[in-house]
Amino acid sequence: MSSQKTLFITGGSRGIGAATARLAAVAGYDVGITYATNAAAAAVIVNGIEALGRRAMAIPCDTSDPQQIKQAFAAFDAHFGRLDAFFNNAGILGAAARFVDIPVTQLTAVLAVNTTGAFVAAQEAVRRMSTRTGGAGGAIVNMSSIAAKLGGAFEATDYAFSKGGIDTLTVGLAKEVAAEGIRVNAVRPGLIYTDIHESTGIAGRVDKLKANVPMQRGGTAEEVAEAVVWLLSDKASYITGTLVDVAGGRGL
Ligand code: NAP
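Residues numbered from 1 in each chain as written. Predicted model: local features only at pLDDT ≥ 70, side-chain atom pairs only at ≥ 80, totals over all residues. Heavy atoms only, no water.

## Looking at the overall build of the protein chain
Here is step 1 of the chain: Within the protein chain, the secondary structure is distributed over eight helices and seven strands.
Here is step 2 of the chain: Rg of the C-alpha trace for the protein chain: 17 Å, near the compact-globule value of 18 Å for 252 residues, within the 12% margin.
Here is step 3 of the chain: Looking at the 252 residues of the protein chain, the share that counts as buried comes to 50%.
Here is step 4 of the chain: In the structure as shown, the protein chain presents an accessible area of about 11300 Å², 58% of it carried by carbon and sulfur atoms. (Helix = DSSP H or I, 4+ residues; strand = E, 2+ residues; numbered from the N terminus. Rg over C-alpha atoms; globule rule 2.2 N^0.38 Å. Buried < 20%, exposed > 50% of the residue type's maximum accessible area, 1.4 Å probe, protein only. Areas by Shrake-Rupley, 256 points an atom, 1.4 Å probe, with all protein chains shown as cover.)

As structure tokens, this is what we get:
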């Protein structure tokens, strides 16, 4: 087995997952990423990691399907042979709507990826990492959102609801596996410049809302990646069950 540390990222083809994949490769990890449909974007990230001299792999996976999650982890195992760190990142944002106008189909789709998918993916990571089942320990970072704290009123209560589950999962899972060599934390980004906002139907959403951010600007995917890579690293060795806001003061 290689002694090289590995990181697995769901939703690593674009946005925050892609930025984290690049930064982690610079930090010395071999990196596996999943993507939902955008194989071309995933290939660009893989090529960039390989150019840094690290191993990389892109795996298709719709995380709303638990079977695909299991298959993706199996593909990761076959390629890398060990799992040290997991960034539970894949997520979607629905069309903006008032609470009463959010279709149940949208609520179900958002929960399937953001909450159930993340829960199932964390189970797969724990099965591999836990010293209770013969693993070597590891670190997990879950992707929440400052929306979990703010509530998403008037446009994204479905999304905020889905991320509230991530905060709860992070605390409960952290306690359950702390004595099994696994640290579990979450990041709660604020308004970050990525493609995810396009699905709301609000053009230029980050710029329209940034006046509400104490720092008066949106954040970058790279700024979130810095927090994720740090939380995954041994530099955060005594930190577990923590929700780290990367939000320019939004939510204070
Ligand atoms: P993004 O740029 O839209 O990237 C989304 C990533 O998730 C892509 O790699 C995409 O793959 C993948 N993905 C989409 N649907 C999927 C599905 N059904 N199953 C598996 N993977 C899927 O989004 P982002 O802003 O980086 O968001 C990443 C995470 O950060 C999400 O959980 C989001 O909720 C969270 N977040 C974002 C912000 C923000 O302001 N951007 C703030 C707080 C939290 P393809 O490339 O194949 O589509």
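## Section: the nonpolar core
Here is step 1 of the chain: Within the largest apolar cluster, 33 residues are counted, with the highest numbers of intra-cluster contacts made by Leu-7, Val-31, Ile-33, Phe-87, Val-187, Val-224 and Leu-232.
Here is step 2 of the chain: Elements represented by at least two residues in this core include exactly β1 (6–9), α1 (15–26), β2 (30–35), α2 (39–51), β4 (85–88), β5 (138–143) and α8 (221–232).
Here is step 3 of the chain: With eight residues, the top contributor of residues to this core is α8.
Here is step 4 of the chain: Not counting residues within four places of it along the chain, the set of residues in contact with Val-31 comprises Leu-7, Ile-9, Ala-21, Ala-24, Ala-25, Ile-49, Arg-55, Ala-56, Met-57 and Phe-80.
Here is step 5 of the chain: Formed by 23 residues, the second largest nonpolar core is a distinct cluster that contains Ala-122, Val-126, Met-129 and Leu-169. (Core = buried A, V, L, I, M, F, W, Y, C linked by side-chain atoms within 4.5 Å. Contact = heavy atoms within 4.5 Å.)

## Re the site of the ligand
Here is step 1 of the chain: In the vicinity of the ligand lie 31 residues, with Ser-13, Thr-37, Asn-38, Tyr-159 and Thr-194 positioned nearest.
Here is step 2 of the chain: In the environment of the ligand, an oxygen atom lies 2.7 Å from a nitrogen or oxygen atom belonging to the backbone of Asn-38.
Here is step 3 of the chain: In the environment of the ligand, an oxygen atom lies 2.8 Å from a nitrogen or oxygen atom belonging to the backbone of Asn-89.
Here is step 4 of the chain: Burial of the ligand by the protein amounts to 94% of the accessible area it has alone, namely 900 Å².
Here is step 5 of the chain: Every element with two or more residues in the shell around the ligand is listed here: α1 and α6 (157–177).
Here is step 6 of the chain: Of the residues contributing to the shell around the ligand, the split by class is 13 nonpolar, 14 polar and four charged. (Near = heavy atom within 4 Å. Polar contact = N/O pair within 3.5 Å; in protein donor to acceptor, adjacent residues only side chain to side chain. Nonpolar A, V, L, I, M, F, W, Y, C, P; charged D, E, K, R; others polar.)

## As for unusual backbone geometry
Here is step 1 of the chain: In the Ramachandran plot, Phe-154 falls in the positive-phi region, its phi being about 75 degrees despite a non-glycine side chain.
Here is step 2 of the chain: Mapping Phe-154 onto the fold places it in the loop between α5 (147–150) and α6.
Here is step 3 of the chain: You can call Phe-154 exposed: its relative accessible area is 59%.
Here is step 4 of the chain: For Gln-216, which is not a glycine, the phi torsion comes out positive at approximately 65 degrees.

## Re the packing of α1 against α8
Here is step 1 of the chain: The geometry of α1 relative to α8 is characterised by a closest axis approach of 8 Å and an angle of 55 degrees between their N-to-C directions. Accordingly, the angle class assigned to the pair α1 and α8 is oblique. In this structure, α1 meets α8 at a crossing whose hand is right-handed. Along the contact surface, α1 presents Gly-15, Ile-16, Ala-19, Thr-20, Arg-22, Leu-23 and Ala-24, while α8 presents Ala-221, Glu-222, Val-224, Ala-225, Glu-226, Val-228 and Val-229. (Axes fitted to C-alpha atoms, helices over the stretch in contact; angles between N-to-C directions. Parallel < 35°, antiparallel > 145°, perpendicular 65-115°, else oblique. Left-handed = near helix turned anticlockwise from the far one by under 90°.)

## Re the pairing of strand β3 (residues 56–60)
Here is step 1 of the chain: With five bridges joining them, β2 and β3 adopt parallel strand pairing. In the sheet register, Val-31 faces β3, and the bridge partner there is Ala-56.
Here is step 2 of the chain: At this point the chain moves from β2, through α2, to the parallel β3, and the crossover so formed is right-handed. (Pairing = 2+ DSSP bridges. Right-handed = clockwise from strand over helix to strand, strands pointing away.)

## Some remarks on the pairing of β2
Here is step 1 of the chain: Counting buried residues along β2, six of its six residues qualify, which places the element largely inside the surrounding structure.
Here is step 2 of the chain: Taking every second residue as pointing to the same face, both faces of β2 are buried, with Asp-30, Gly-32 and Thr-34 on one and Val-31, Ile-33 and Tyr-35 on the other.
Here is step 3 of the chain: Bridging between β1 and β2 involves four bridges; their strand directions are parallel. The residue of β2 that forms the bridge with Phe-8 is Gly-32.

## Here's the deal with the packing of aromatic side chains
Here is step 1 of the chain: Using the criterion set out here, one finds five aromatic pairs in the structure.
Here is step 2 of the chain: Between Phe-8 and Phe-73 the ring centres are 4.9 Å apart and the planes differ by 85 degrees, which places this aromatic pair in the edge-to-face class. Of this pair, Phe-8 sits in strand β1 while Phe-73 sits in helix α3 (residues 66–80), and the two are 65 residues apart along the sequence. Pair check on accessibility: Phe-8 and Phe-73 agree, each one buried.
Here is step 3 of the chain: Taking the centre distance of 4.6 Å and the plane angle of 35 degrees together, the rings of Phe-76 and Phe-80 count as tilted. Separated by four residues within a single helix, Phe-76 and Phe-80 lie in helix α3, roughly one turn from each other. (Phe/Tyr/Trp six-rings, centres within 6.5 Å; stacked < 30°, edge-to-face > 60°.)

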